[in-house]
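What follows is each chain in one-letter form.
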Amino acid sequence: MKTVANTNTGVKSKSQSYYNKSKRFWKKESVKEIGAAYFLMAPFILIAGIFIFFPILYSLIISFQDFSYLNPDAAEWVGFNNYVALLQDSTFINAIKNTVMLLAIVVPIQTMIALILAAVLNSKIRARTFFRTVYYLPYITSPIAVGAVMVYMFNRDGVMTQFMTLFGMDNVAWYADGRYAFYLIVFIIIWTQIGFYTVLYLSGLQSISDDIYEAAKIDGANKVQVFFKITAPLLKPTTFLVLFMGVIATLQIFEQPYVVSTTGGALPGSPSESTLTMVMYLYTQAFTYFDMGYASAAAFIIFIMIFTLTLVQYWYFEKRERS
Amino acid sequence: MKRPVFYMLLILTSLVMLLPFVWTLYASLVKNDMLVNHFPTSISEYGFENFMYIITQSHIATWYKNSLFVTITITVGNLLFNSMAGYSLARIKFPGSKILFFVTLGIMMVPIQILLIPIFIMMATAGWINTYLALIIPFLVNPFGVFLMRQFFVTFPKELEESAKVDGLNRISIFFRIALPLAKPALIAQAIFIFVWNWNSFPFPSILATEPEMYTLPVGIYQITNTAYTSSITASMAGVVLMTIPTIVFFMIFQKYFISSSIGSGIKG
C-alpha cells in the first residue's frame, strides 16, 4: 500500500479522498451503529461480567488467602500455601489419582464404542432415528436421577447386581464395596455420555463424501483398508473433538460419583475415598468445611490441568495433521 | 451376513441404554418396597400409590414449581440476551467486538466449578441465598448460547438487512423485527439446550437453596434418595419419573433440532 502511494501520488490522492469520503459516511452512521451494538451487548456484558468474569478473578484472589466462609473478616494472605498444602494432601492426591484413572478408562472406551456405534448407524440401517434417540436419552437425563437409579439397580439383590453375579461378581451393594464402587462410576459415566459422542461421530461420518469410497472401491481397496486409510484419517477432526470433550467432561465429573458415594448418608467419595474425584473434593472442602481459600486453589489446579491437556491435545493433533 | 450382526449390536446396546428407564418406571409402580427385586407377577401388586405418596408426603410439588419457574425464566432470558449479543457480534462492526468475542470464547473454556465458591460468597453477601434471584440471575446469559447465535447470524442474508435499512429501520428494530423472528431454528436449539442444562443443574442450586421450600427438583430428589434412602425405593423412583418426564417430552418434540444443532455447534466449536 505504502509503496504504491509513494511511487504514484495521483493514485494516492484519489484513493485517499475516496477513503475519507467513505469514512465520513461511516462516522455519521457508526455512532448509531456502535450505540446499537453496545445496547444489544449490554445484558450479556453486565451479567457475564458480574457472574462469570469477576468470579474467576475473585476465585484466584481467595486461592491465595486463608479464607473461611464462617469467618470472612479474618481472611489472610498466605501466598502459595494453599497450593503447596494441596499437593501434599494425600486425600487430594488420591482424588487426582481417581480422576486420572477415570480418564484413562472412560475416554478410550467411550470413544471406541461411539465410533463403532456411529459406523454401524451410518451403514444402511432401518430405524436409525430410533436408535440415535435411544442412545441420546441418557445424556439429557438428570445425573442426579441417573445416579439414584443406578444405586438401586446395583444394590444388594438389585437387578443388575443379580445379573452380574452370572459373571462371578458378588451379591453386594456396589456403591458401598471398595472393589466395585469405582467401576460403577465408570459404567454410569460411559452410559450417560456415549450417545452424545455417537452423534458427534455420526455427523463426522456423514460429512465424508460417497465419491471417496467409490474411488477406493474402484482401486480395489478392501473394507479394512478403507476404514484405516480413508475413514479414520478423515474423521480426525471429529476424533479430536470427541477426545477433547471427553477429557474435559471426565475431569469435571461430579454429580454421579457424588450421588452414588453419599448414598445412605456416607461421606462423599466413600467407600474409603475410592470414588473421590477432584471436583467432589473441592465441593466438600468449600461447602462442608467452608475452607474456601483451599477449595479455590483446588479449583485453579483443576483449571490448569484442563487447560494444559487441551493445549497438549491440540498441539498433538496439529502436528499429526501437518506430517 | 453382516446385517444381522449390526442389528444385534444396535438392539443389545439399545437395551442397555433403555433398561434403567424401564426399570425406573417399573419400580415406581410397585406398591411394596420389599418386592422391587422380585418382579411380582400379580397385577394387584402394581399401582400409582407411590406417586400419591411422594406428592403428598414431600415438597415435590413445590420443587416442581420452583424448577419450572427458574428454568423457564432462565431459558427466556438466555434466548433474548444471548441472541442480542450474538447478533451484535456477528453483524455489527464496532470497536471492542473482537475482544468481546474472544473473551466469550475464553469463558466457555472455564470449568464452572471455579465459579461455585465466588458465586456462593457473592450471593451470601447480597443476602440472596434461598431466593429466586440467586437461582436465576447468574444464569440468565450463557457464552455457549452467544456463540451459537453468533454462528447463526454470521450466515444471515445481508440483503434482508439492507432492504430493511432502506425502509428506515434502525439496527435495533432490524434485530427485533427481522433477524430474531427468522432465527427460529437456532432459537429452538438453544432453548432446548438451556432448558435441559438448567432443569438438570445440581451443583449451583444445591448451594444456593438450602431450605426445602426453595429446592429445585434435582436438589429435592437428591435429598429424597440419599437421606430417606432406607425408607422407600419405590417412592424415590416415582419422584425420579416425575422429574425426568419434562426433559424427555421436550427432547421428543424437538429432537430434530436438538441433534442437528449439537452437531453443527459441536463441529464448529
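Residues numbered from 1 in each chain as written. Chains lettered and ligands numbered in written order. Predicted model: local features only at pLDDT ≥ 70, side-chain atom pairs only at ≥ 80, totals over all residues. Heavy atoms only, no water.

Turning next to the UniProt feature "domain: ABC transmembrane type-1" (unreviewed entry) in chain A. Here the UniProt-annotated "domain: ABC transmembrane type-1" (unreviewed entry) positions come out as residues 96-313 of chain A. With 73% helix and 0% strand, the stretch residues 96-313 of chain A has end C-alpha atoms that lie 19 Å from each other. (UniProt positions renumbered as here; feature names shortened; annotations may be inferred. Helix = DSSP H or I, 4+ residues; strand = E, 2+ residues; numbered from the N terminus.)

A few words now on the packing of aromatic side chains. If you walk through the whole model with that rule in mind, you get 51 aromatic pairs over all chains. Ring geometry for A:Tyr38 against B:Phe94: centres 5.0 Å apart, planes inclined by 75°, an arrangement best described as edge-to-face. Remark: B:Phe94 occurs in the loop between helix H3 (60-91) and helix H4 (97-108) and A:Tyr38 occurs in helix H2 (residues 9-62); the pair is interchain, linking two chains. Ring centres of B:Phe175 and B:Phe176 lie 4.9 Å apart, and the angle between their planes is 75°; this geometry places the pair in the edge-to-face category. Classification of B:Phe175 as buried rests on a relative accessible area of 0%. Relative accessible area serves as the criterion here: at 36%, B:Phe176 is assigned to the partly exposed category. Among the aromatic side chains, those forming a connected cluster through ring pairs are A:Phe254, A:Tyr258, A:Tyr283, A:Phe287, B:Phe120, B:Phe202 and B:Tyr222. Looking at A:Arg179, its charged tip hangs above the ring of A:Tyr180, at a distance of 4.7 Å from the centre. The ring of B:Phe101 has B:Arg150 lying over it, and the distance from NZ or CZ to the ring centre is 4.1 Å. (Phe/Tyr/Trp six-rings, centres within 6.5 Å; stacked < 30°, edge-to-face > 60°. Buried < 20%, exposed > 50% of the residue type's maximum accessible area, 1.4 Å probe, protein only. Lys NZ or Arg CZ within 6 Å of the ring centre and 35° of its normal.)

Of the residues lining the interface, 94 residues belong to chain A; the matching set on chain B comes to 89 residues. Roughly 8300 Å² of surface becomes buried between chain A and chain B when both sides are summed, with 79% attributable to carbon and sulfur atoms. Inspection of the chain A/chain B interface yields 1 salt bridge. Taking the shortest distance from any N to any O, the salt bridge between B:Arg171 and A:Glu33 comes out at 3.0 Å. Summed over the shared surface of chain A and chain B, the result is 14 residue pairs in polar contact (both at pLDDT 80 or more). In terms of residue count, H2(A) provides more of the side of chain A that touches chain B than any other element does, 24 residues in total. Here the residues of the side of chain A that touches chain B are counted per class, giving 69 nonpolar, 16 polar and 9 charged. (Contact = heavy atoms within 4.5 Å. Buried area = accessible area lost by both parts, 1.4 Å probe. Salt bridge = Lys/Arg side-chain N within 4 Å of Asp/Glu carboxyl O. Polar contact = N/O pair within 3.5 Å; in protein donor to acceptor, adjacent residues only side chain to side chain. Nonpolar A, V, L, I, M, F, W, Y, C, P; charged D, E, K, R; others polar.)

When the UniProt feature table is mapped onto this chain numbering, "transmembrane region" (unreviewed entry) sits at residues 36-61, 100-121, 133-154, 180-202, 234-254 and 294-317 of chain A. Secondary structure content for residues 36-61 of chain A is 100% helix and 0% strand, and the end C-alpha separation is 35 Å.

Okay, the nonpolar core next. Counting residues in each nonpolar core, the largest one holds 184 residues, and the members touching the most others are A:Phe287, B:Trp23, B:Ile117 and B:Leu208. Sorting elements by how many residues they give to this core places helix H8 (residues 181-206) of chain A first, with 16 residues. For this core, the two domains that each supply at least three residues are domain 1 (2-62) and domain 2 (84-322) of chain A. Not counting the four nearest positions on each side in its chain, B:Trp23 is found in contact with A:Val149, A:Tyr152, A:Met153, A:Val159, B:Val36 and B:Met237. (Core = buried A, V, L, I, M, F, W, Y, C linked by side-chain atoms within 4.5 Å. Domains from an automatic or database assignment.)

Together, A:Phe53, A:Leu57, B:Ile99 and B:Val103 make up an exposed nonpolar region whose accessible area comes to about 370 Å². Of all the secondary structure elements, the ones that give two or more residues to the nonpolar patch are H2 of chain A together with H4 of chain B. Its place among the elements puts A:Phe53 in helix H2. By relative accessible area, A:Phe53 is classed as partly exposed at 44%. (Patch = residues over 30% accessible without salt bridge, like charges linked within 9 Å, V, L, I, M, F, W, Y side chains within 5 Å. Areas by Shrake-Rupley, 256 points an atom, 1.4 Å probe, with all protein chains shown as cover.)

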